[in-house]
Amino acid sequence: MATGVRVSSESIEAYQNIKLGKKQKYIVFCVNDSKTEIIVDKALSGKQIEKYNDFVDLLPQKEPRWAVYDFQFEADGGGQRNKLVLIKWVPDDAGIRPKMLYAGSNDELRKSLDGIAVEVQATDYDEVAYEIVLAKAKQGTR
Amino acid sequence: MVNYGGDEVSALVVDIGTSSVRAGYAGDDTPRAIIPTHYGYMSTNPDADVLMGDTGENNAESSKSKFAKLYIGQSGPSIWREGMEVANPIVDGLINDFSPIKPLVDHAISDVMRCNPAEHPILVTEPTWNTPANRERMAEIMFEEFQVPAFYIANTGVLNAFAAGKGTAFVVDVGQAMASVTPVVDGFVLRKGLVYSSLPKLVRAHARHILVTPTPSRSGIALLPQQMIESKNAVEPNMPVQFTARQDRIPKTTETWQSWAEEREIDEWIQHCAAVLDQGWNDAAAQSRPPKLYEFPTGFNTYFGMERYQVGEQFFWHSPALVASNPNLPKNIPALITESLRACDAELRQVLMGNVVLTGGGSQFAGFADRLSNELTRTFPHAKIHAPGNPIERRYGGWLGGSILASLGTFHQLWISKEEWQEHGKSIVGQRCK
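Cut-offs applied
Residues numbered from 1 in each chain as written. Chains lettered and ligands numbered in written order. Predicted model: local features only at pLDDT ≥ 70, side-chain atom pairs only at ≥ 80, totals over all residues. Heavy atoms only, no water. UniProt positions renumbered as here; feature names shortened; annotations may be inferred. Buried < 20%, exposed > 50% of the residue type's maximum accessible area, 1.4 Å probe, protein only. Helix = DSSP H or I, 4+ residues; strand = E, 2+ residues; numbered from the N terminus. Pairing = 2+ DSSP bridges. Phe/Tyr/Trp six-rings, centres within 6.5 Å; stacked < 30°, edge-to-face > 60°. Contact = heavy atoms within 4.5 Å. Axes fitted to C-alpha atoms, helices over the stretch in contact; angles between N-to-C directions.

- In the annotation of an unreviewed UniProt entry, the entry for chain B reads Actin-related protein Arp4p, and the organism field reads Agaricus bisporus var. burnettii.
- Of the comments in the UniProt record for chain B, the one headed Sequence similarities (unreviewed entry) reads "Belongs to the actin family."

- The name that an unreviewed UniProt entry assigns to chain A is Cofilin, with the source organism given as Agaricus bisporus var. burnettii.
- Taken from UniProt, the Subcellular location (unreviewed entry) comment for chain A reads in full: "Nucleus matrix".

What follows is the structure, given as C-alpha cells:
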C-alpha cells in the first residue's frame, strides 16, 4: 500500500551529491505543498553543520521529515567508517494526516535511495540520539 | 490510469467491522454513516418456526435472497418485531455470509449518506487475515452490483500503522469480536507474526457470568432489554425490582433477537463499568477503587466494585482453572504478543516493541493502555505504546487511515478502474492491493 507520492529528480540528485560527491553532511526531505512529490527541504538543508547533535536539532518538533546523514564513526576494531543513515522522523505531535502521508510514502523514498546502510524510525529526539544511531551503525543492521 | 480522487470527485471509504459498518467521504475526519452490522430479518424458510410479518412489503432483494424482509440500520435490529431474527454476516472478523453485505453497504451509502456509489471510487478495508477469495468477492460486489468506477481494498493493520506515522509497527487491535496482533515491517504485514483470537467474546462471556450469577448481596441480574419492559418503578440499590414485562411480546420473540439484545445489555454495562487494573491483579487494589452505580432496564441497580476489574482482567490473565476447563480458550493479550514476537527475528523485536500501536474500540477499556504498557516494559524496557487519545482515531483508526489515503491526489494511480477489472478480472485485486 502506498500513497503514490513520487520522489523528485532534484531529491535524487541531492542524495547522489552526499553519497558520491561527499559535498554535504546531510539533507532533509519533505513532501511538497501539493502532496505530489518528495522534495529537498531547502529551509533546513543548506546550513553548515559541524556536530551530529546540531543536525538533530534541525528536525521540527511537530512535523514529519526524512533526513539522510553521512554518519562518521570509529569502528570497534579501529579505523574511520562512514555510513549513510536514513531517519524517518514522525513526531507524536504531528497530525494524523501528515503521519499517514509520510508513513505511506516511506517505501517510495527508500527504493530511490540506493546505499542507505542504517534506517531509524523515530518519534522523539531520544530515538535519534547519537549513541542510538552509533549502536545501529556499528551493528550494520537497522 | 484513472483520474478519480483529487478534488473533483471524492472517494468513499467503507470499513465493515463486527459491531458496525462505517462509511463516509475520503478526506473527512469521521465516517458519515455508522450503522450496526447486525441486521434483523424475516426468514422465507417455510419450515422456520417464525411468524411471517409484512410479507406484502418485500423489497427488491427478497426475490433472489433467503430473506423475506431485511431490517437494517438504526431502526433495524433494535426495534422489536414479532418473529424477527437477528444475524451478523461477520464471523471471527471475516465476512462469512455475503448476502446481506450489499443491503448493508447500500443502506449506509444510499440511505444514510444520500450518495450514489456508481459515481465515486470506493476504498474498502479488510482485516489482516482476510482471504484472497473474500477480497475478490468484495471487488466483484463493488464493480458488478454497485457499478463503482474504481476500487481499492486496504489492510487495516497497515492503515493503522501508517495513521500512527509508522512504516514499521506492532499493531495491537482489539475489536468487538477479535483481538489481533500484526507486525508491520516497512509497510507490509509480516504474515508469520500475525496472531489473533476471539478474546473480546470471552471477556463478554465473563461479564455475563458475573452479572447473572447471584452473590451474597444480590440475586442474579435479569438482562431484560428496554424493549421488553412495559413499566417500572424506581427502587433503591439492591432492592427487588418492580417492573412489568411485556408479556404479549415474550412468546413472539425469537432466540436470536433475545441473545442479541442481552449481548447489548452486557456491552452497555461493560462500557459504563468495566475496567482493567493497570498494575496487574491485586485484590486490595481492586477493592480500593471506587464502586460504580449502574441501573439495568428492569430498574434493578447496584454498586459494582471488584467485579468491574475482574472483567477487564480477562484480557490479560486467565486463571489456571479456566485454562484447564477449556482447551480452546482464546489467547489473552500477553499470549498473543509472545506468540507473535516468537515468529519475528530477534533484531526486529526491539524495533517492533518501540513502535506498538494500540487501536480498536475494545482497547478503550479504562486502564487498558496503561496495563499493556506495564506488561510490555517488564520484558522490553524500551517498549513504547502509541495509543491515540482521540477516541475517534482509536475506534475508527482503519477507516480514518483509508480516508486520508484515498483523499490524496496521487492515490489515483493505485485505484483499480472498472476497465482494468473488466480486462483482467479478479487477479488484478491481488496484484494491485498488496
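1. Things to note about the pairing of strand 11 (residues 169-174) of chain B
Strand residues, when the strand is regular, have side chains that alternate between the two faces of the sheet.
All names here are of chain B.
So, point 1. For strand 11, a buried count of 5 out of 6 residues is recorded, marking the element as mostly surrounded by other parts of the structure.
So, point 2. Sheet topology note: the strand 11/strand 12 (residues 179-185) ladder contains 6 bridges and is antiparallel. Residue pairing for strand 12: V174 is matched across the bridge by A179.
So, point 3. Between strand 11 and strand 12, which follow one another and run antiparallel, lie 4 residues.

2. Quick notes on the packing of aromatic side chains
All names here are of chain B.
So, point 1. A complete count under the given rule lists 26 aromatic pairs over all chains for this structure.
So, point 2. Residues F143 and W421 carry aromatic rings whose centres are separated by 5.0 Å and whose planes lie at 20 degrees to one another, so their mutual orientation is stacked. On the criterion of sequence distance, the pair formed by F143 in helix 2 (residues 132-145) and W421 in helix 14 (residues 418-424) is long-range, its members being 278 residues apart.
So, point 3. Among the residues examined, F143 registers a relative accessible area of 1% and is labelled buried.

3. As for the UniProt feature "domain: ADF-H" (unreviewed entry) in chain A
So, point 1. Per the UniProt entry, the sites bearing "domain: ADF-H" (unreviewed entry) are residues 4-138 of chain A in this numbering.
So, point 2. When the span residues 4-138 of chain A is considered, its composition is 37% helix and 27% strand, and the gap between its end C-alpha atoms is 34 Å.

4. Comments concerning the sheet that holds strand 3 (residues 33-36) of chain B
All names here are of chain B.
So, point 1. Spatially, 3-2-1-9-10-21 is the arrangement adopted by the 6 strands of the open sheet, whose pairing is mixed. Lying at the two open borders of the sheet, with one neighbouring strand each, are strand 3 and strand 21 (416-417).
So, point 2. The pairing of strand 1 (residues 12-16) with strand 2 (residues 20-25) spans 5 bridges and is classified as antiparallel. Along strand 2, the bridge assignment pairs L12 with Y25.
So, point 3. Against the sheet, helix 1 (residues 101-112) engages strand 1, strand 2, strand 3 and strand 9 (122-126), with an angle of about 145 degrees to strand 3.
So, point 4. Of the strands in this sheet, strand 1, strand 9 and strand 10 (150-155) are in contact with helix 3 (residues 156-163), which crosses strand 10 at around 80 degrees.

5. Details of the sheet that holds strand 1 (residues 6-7) of chain A
All names here are of chain A.
So, point 1. With mixed pairing, the 6 strands of this open sheet are ordered in space as 1-3-2-4-5-6. For this open sheet the edge positions go to strand 1 and strand 6 (118-122), each flanked by a neighbour on one side alone.
So, point 2. Note that strand 2 (residues 26-31) and strand 4 (residues 65-74) share 4 bridges and pair antiparallel. Looking across to strand 4, one finds that I27 is bridged to V68.
So, point 3. The sheet strands contacting helix 1 (residues 9-21) are strand 1, strand 2, strand 3 (37-40), strand 4 and strand 5 (80-89), and the helix crosses strand 3 at an angle near 45 degrees.

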